[in-house]
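# Architecture at a glance
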Amino acid sequence: MGIQFDAAARTFTLSTRSTTYQMGLDHLDHLLHLYYGPAIGQGDLAAMYPPADRGFSPNHNADRERRGISPDALPQEYTGCNTGDFRLSCLVVREENGAAGAEWRYASHSIQKGKYALTGLPAAHDEENEAESLCIRMEDSVTGLALELLYGVFERQDIITRAARLVNGGSQTLRLEKAASMCLDLPFGRWDMIHFHGRHAMERRMERTPLMNAIQTVSSTRGASSHHHNPFVILCDRKANEEHGLCYGVMPVYSGSHRTDVEVDQNGLTRIVSGIHDERFSWQLAPGEAFTAPEVILACTENGLTALSQQYHRFIRHNVCRGEFRFARRPVLINNWEATYFDFDSDAIVRIAEKAAALGVEMLVLDDGWFGKRNDDNSGLGDWFVNENKLPGGLSPLIERVNALGMKFGIWVEPEMVSEDSELYRAHPDWALTLPGRAPVMSRNQMVLDMGRPDVVDYLTERLTDLLANNPIAYVKWDMNRNMTDVYSRVLPAERQGEAAHRYMLGVYKLLETLTTRFPHVLFEGCAGGGGRFDAGMLAYFTQIWCSDDTDAIERLVIQHGTSFGYPVSSMGAHVSACPNHQTGRTTPLWTRAVAAMAGTFGYELDLNKLSDEEAAQVKEQIAFFDKHYQLIQNGLYYRLTDPTEEERYAAWQFVDEEQGETLVNLVLTHPEANARPLHVWLRGLAPDALYRVESLDIHGCHAAPQAGLDLAMEGVGKTYSGSTLMHAGYTLPQLAGDYPSVQMYVKRV
Ligand code: GLA
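Residues numbered from 1 in each chain as written. Predicted model: local features only at pLDDT ≥ 70, side-chain atom pairs only at ≥ 80, totals over all residues. Heavy atoms only, no water.

## Observations regarding the overall build of the chain
Each helix and strand in the chain was counted, giving 14 helices and 38 strands. The C-alpha atoms of the chain give 27 Å as radius of gyration, which agrees with the globular expectation for 750 residues (27 Å, within 12%). Dimensions of the chain along its principal axes, counting C-alpha atoms only, are 85 × 70 × 45 Å. Within the span of the chain, comprising 750 residues, buried residues form 63% of the whole. Contacts spanning at least 24 positions in sequence make up 70% of the contacts within the chain whose residues lie at least 6 apart. Accessible surface for the chain amounts to roughly 26800 Å². Of this, 49% is attributable to carbon and sulfur atoms. (Helix = DSSP H or I, 4+ residues; strand = E, 2+ residues; numbered from the N terminus. Rg over C-alpha atoms; globule rule 2.2 N^0.38 Å. Buried < 20%, exposed > 50% of the residue type's maximum accessible area, 1.4 Å probe, protein only. Contact = heavy atoms within 4.5 Å. Areas by Shrake-Rupley, 256 points an atom, 1.4 Å probe, with all protein chains shown as cover.)

## Thoughts on the packing of helix α3 (residues 346-359) against helix α4 (residues 395-404)
Direction vectors running N to C along α3 and α4 enclose 15 degrees, while the axes themselves pass 10 Å from each other. When the axes of α3 and α4 are compared, the pair comes out roughly parallel. Once α3 is placed against α4, the crossing between them reads as right-handed. In this structure, α3 contributes Ser-346, Asp-347, Ile-349, Val-350 and Ala-353 to the contact, and α4 contributes Leu-398, Arg-401 and Val-402. (Axes fitted to C-alpha atoms, helices over the stretch in contact; angles between N-to-C directions. Parallel < 35°, antiparallel > 145°, perpendicular 65-115°, else oblique. Left-handed = near helix turned anticlockwise from the far one by under 90°.)

## Here we look at the nonpolar core
Of all hydrophobic cores here, the largest spans 203 residues; its most connected members are Trp-370 and Tyr-604. The element that contributes the greatest number of residues to this core is strand β10 (residues 174-186), accounting for 8 residues. If we skip the residues at most four places from it in the chain, Trp-370 touches Phe-344, Trp-384, Phe-385, Val-386, Asn-387, Leu-391, Leu-395, Ile-411, Trp-412, Val-413 and Leu-467. One finds Val-656, Leu-667, Val-694 and Met-745 within the second-largest nonpolar core, a separate group that totals 26 residues. (Core = buried A, V, L, I, M, F, W, Y, C linked by side-chain atoms within 4.5 Å.)

## Observations regarding the sheet that holds strand β29 (residues 575-577)
The sheet built from 9 strands is open, its strands ordered β28-β27-β26-β25-β22-β21-β20-β30-β29 with parallel pairing. Here the strands that pair on one side only, and so sit at the sheet edges, are β28 (572-573) and β29. As judged from the 2 bridges shared by strand β27 (residues 544-546) and β28, these two strands associate in the parallel manner. From the neighbouring strand, Trp-546 faces β28, where its bridge partner is Gly-573. Across the sheet, α4 touches β21 (363-366) and β22 (408-413), and the angle it forms with β22 is around 140 degrees. (Pairing = 2+ DSSP bridges.)

## Overview of the packing of aromatic side chains
Between two aromatic rings, the relevant description is the distance of the centres plus the angle of the planes. Enumeration according to the criterion identifies 31 aromatic pairs in this entry. Aromatic pair Trp-337 and Tyr-341: ring centres 4.9 Å apart, planes at 80 degrees, arrangement edge-to-face. Accessibility expressed as a relative area gives 17% for Trp-337, which makes it buried. For Tyr-341, a relative accessible area of 30% gives the class partly exposed. Aromatic rings pair up to connect Phe-196, Phe-232, Tyr-312, Phe-534, Phe-565 and Tyr-567 into one cluster. (Phe/Tyr/Trp six-rings, centres within 6.5 Å; stacked < 30°, edge-to-face > 60°.)

## Some remarks on the sheet that holds strand β11 (residues 191-199)
Backbone-to-backbone hydrogen bonds join strands into a sheet, with any given pair of strands oriented parallel or antiparallel. On the basis of which strands lie adjacent, the open sheet formed by 9 strands has the order β6-β7-β8-β9-β19-β15-β14-β11-β12 and antiparallel pairing. Whereas interior strands pair on both sides, the edge strands pair on one side only; in this sheet they are β6 (105-113) and β12 (202-210). The mean angle between the axes of side-by-side strands here comes to 20 degrees, regardless of whether they run parallel or antiparallel. Bridging between strand β14 (residues 233-237) and strand β15 (residues 247-252) involves 4 bridges; their strand directions are antiparallel. From the neighbouring strand, Leu-235 faces β15, where its bridge partner is Tyr-248.

## Considering the site of the ligand
In the vicinity of the ligand, 13 residues are found, and the nearest of them are Asp-367, Asp-368, Lys-477, Gly-530 and Asp-549. Within the side chain of Asn-481, a nitrogen or oxygen atom sits 3.1 Å from an oxygen atom of the ligand. At 2.9 Å from an oxygen atom of the ligand is found a main-chain nitrogen or oxygen belonging to Gly-530. With the chains in place, 96% of the 310 Å² that the ligand exposes on its own is no longer accessible. Split by residue class, the shell around the ligand holds 4 nonpolar, 3 polar and 6 charged. (Near = heavy atom within 4 Å. Polar contact = N/O pair within 3.5 Å; in protein donor to acceptor, adjacent residues only side chain to side chain. Nonpolar A, V, L, I, M, F, W, Y, C, P; charged D, E, K, R; others polar.)

## Details of helix α6 (residues 454-469)
For α6, spanning 16 residues, the distance from its first C-alpha to its last is 22 Å, which sits close to the expected 22 Å at 1.5 Å a residue. Val-456, Val-457, Tyr-459, Leu-460, Thr-461, Arg-463, Leu-464, Thr-465, Leu-467 and Leu-468 are the residues of α6 that are buried. On the buried face of α6, the contacting elements are α4, β22, α5 (423-427), β25 (475-478), α7 (500-518) and β26 (523-526). (Expected span 1.5 Å × (residues − 1).)

## Looking at helix α10 (residues 590-597)
Of all 8 residues in α10, 8 are buried, a share of seventy percent or more. All of the buried residues along α10 are Leu-590, Trp-591, Thr-592, Arg-593, Ala-594, Val-595, Ala-596 and Ala-597.

## What about unusual backbone geometry?
The peptide bond linking Cys-579 to Pro-580 adopts the cis configuration, its omega dihedral lying at -5 degrees. Among the secondary structure elements, Pro-580 is positioned in the loop between β29 and α10. At Asn-82, a residue that is not glycine, the phi angle is positive and equals roughly 70 degrees. Mapped onto the elements, Asn-82 comes out in the loop between β4 (31-38) and β5 (91-94). A positive phi is found at Asn-445, a non-glycine position, where the angle reads about 55 degrees. Note that Asn-445 resides in the loop between α5 and β24 (446-448). By relative accessible area, Asn-445 is classed as partly exposed at 31%.

## Section: the pattern of salt bridges
Applying the stated criterion across every chain, the model contains 51 salt bridges. In this structure, Arg-156 and Glu-130 form a salt bridge, with 2.9 Å as the shortest nitrogen-oxygen distance. Remark: Glu-130 occurs in the loop between β6 and β7 (131-139) and Arg-156 occurs in the loop between β8 (145-154) and β9 (159-168); sequence separation between them is 26 residues. Classification of Arg-156 as partly exposed rests on a relative accessible area of 46%. Between Asp-192 and Arg-208 there is a salt bridge; the shortest N-O distance is 2.8 Å. With Asp-192 in strand β11 and Arg-208 in strand β12, this residue pair connects regions lying 16 residues apart in the sequence. A residue is classified by how much of its surface remains accessible, and Asp-192, at 8% relative accessible area, is buried. If you follow the salt bridges from partner to partner, you end up with Asp-85, Arg-87, Asp-185, Asp-265 and Arg-271 in one network. (Salt bridge = Lys/Arg side-chain N within 4 Å of Asp/Glu carboxyl O.)

## Focus: the environment of Glu-646
Looking at the element boundaries, Glu-646 is found in the loop between β31 (637-640) and β32 (650-656). As a C-alpha pair, Glu-646 and Pro-429 span 217 residues in sequence and 51 Å in three-dimensional space.

That's the geometry; what it means functionally is another story.
Pasting the structure below:
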């Protein structure tokens, strides 16, 4: 298992529990991609690609008599540049004379135990000691450029990671104008593409379309992975559904401008190229220098979309997230943002904390507005000093009062930004990204710091170290509230300006690496105006990320559904907020809001003092319920039971523990009907022959008179059913009515 090199056949075979990935060297030492899919063992698959002379598909010079062999028709592992493959390319490299060309030939390879690491970039890790790594070195003889193709094989996790390193072994400076992370050619099959698009406050909506005979692109040029196109693409068999069918996932471990293109070529071969966006990108590579393209996490399964998602969930929890919070119990928090916005002082915060503590909340998070001259969102970013008008005596007295209630204290920061009206900007106008001679484009009336500058990173390291070292802060919410424009660095020479956006990301990663290492007991939550930077790169530093600024429970069902394709529940920050909801104006039952937030890391974001006694009692019950089922929810297997694009009446999902011993079914009625059809669910993921008892069935927020059938559903409580009965015959839940009631059914193996 693991990684095999067959010297006779000259093939590399990577094997995980249920997948095989194969590459082979051809007669000219080019590296062809031969297979990625369900496990098939080790046979040489080169014969699947017989030579065929295709008009207008050219041949390498050495092959000019063998017209059937064209780089334009064969599956490639990582394309060269300008050498006769007209499909999507991985690389554009330019010599000093302006020539752009590279033809890769095999030089050497090495196989190692453990997982390769990438300098300066987040990458999956192997703390559980089970990975193997392969490095294949390819070389271009004219430029001296070398390509190191890196593969991490996680057998048990059924995951293969890839990355690429370009090393200038020649004597002239080379200019990379495109340097993708990977190319994946799927020679056979007809695919649907699933991607996750959106906007601020409506992120990661799932969309599924058949691939066209054209190039389709999922990308961001925003300097952030973005609310708009998440860096995650699935290709699946046209007939694939949640439970069946071949699916592939491509997930870049990168948080900046990214691009994944999918092309169906003249032969029906599908090529996926993924990596840093090449718009306005370039990188100077002096002799001896190396450039590392970010990692991509690949998954494949023949068991449908749920299985693919679960592979990613497990991998992100075990091998992408790091530190003590990976599996630790995260505190139920109360955040003051939607309770107070900028209008607070210490006493107001303590009043919120007191009520929250009495109801069982474990941590108070002080959001935006505690520093500098920050009374609205027009000023103060960059001035990470306490505003003593709001918090007399600084943070310490406030934290002491919060801690005295038995609660931890967390704080909001937005380090990568600067307001024009700030001490920092007045002192260092050149620290912001601005174009010479132009007034900067503004967004939320703020600018982006040039995180590619070491002095900026040093300054922020010092400010944030000071904040965290001198205050008992247990949690940091790290925000980033605008996208990048005016990308120009005051410290880079003209020929290196194309590096500014990626250097920005390297600076952010460096700062996060330093702080998370220095403060291992602080829980970091990521945020970018909600989920504008929800990606595997950020999850290497943040064990959780605020999913969306849209806290409306019903909208959240769609956002969290889309997010769940790639990312685990334990990574999705989700809160119960006030009604009418501040984003949509909708009113939903308090319990239903909790059911939605419990499909994430769970917390509150409202002034609990404004709740009635009855509602306050509900908050207590919700926290107790969440506590009781914490492990099942956060570390269990997640099953989508409905697709909001198809089922508009209700949304349902389910948690099952890995041992198939217990399950929690959740359903929210999103569209009540007259003469309603039954709410029937088929459970998933149970052991077919085991017996399960319906332990509890809680109906929440069903204020309208429930319709007939309620009693019958309740009669199931205490009864026992086989796993196969619950999965194949299903269970008819209570007939809910009214505005957005919900049900939670807890079932346990007997
Ligand atoms: C962003 C976040 C919010 C809140 C505000 C504060 O929009 O997503 O949760 O922290 O910033 O300005």
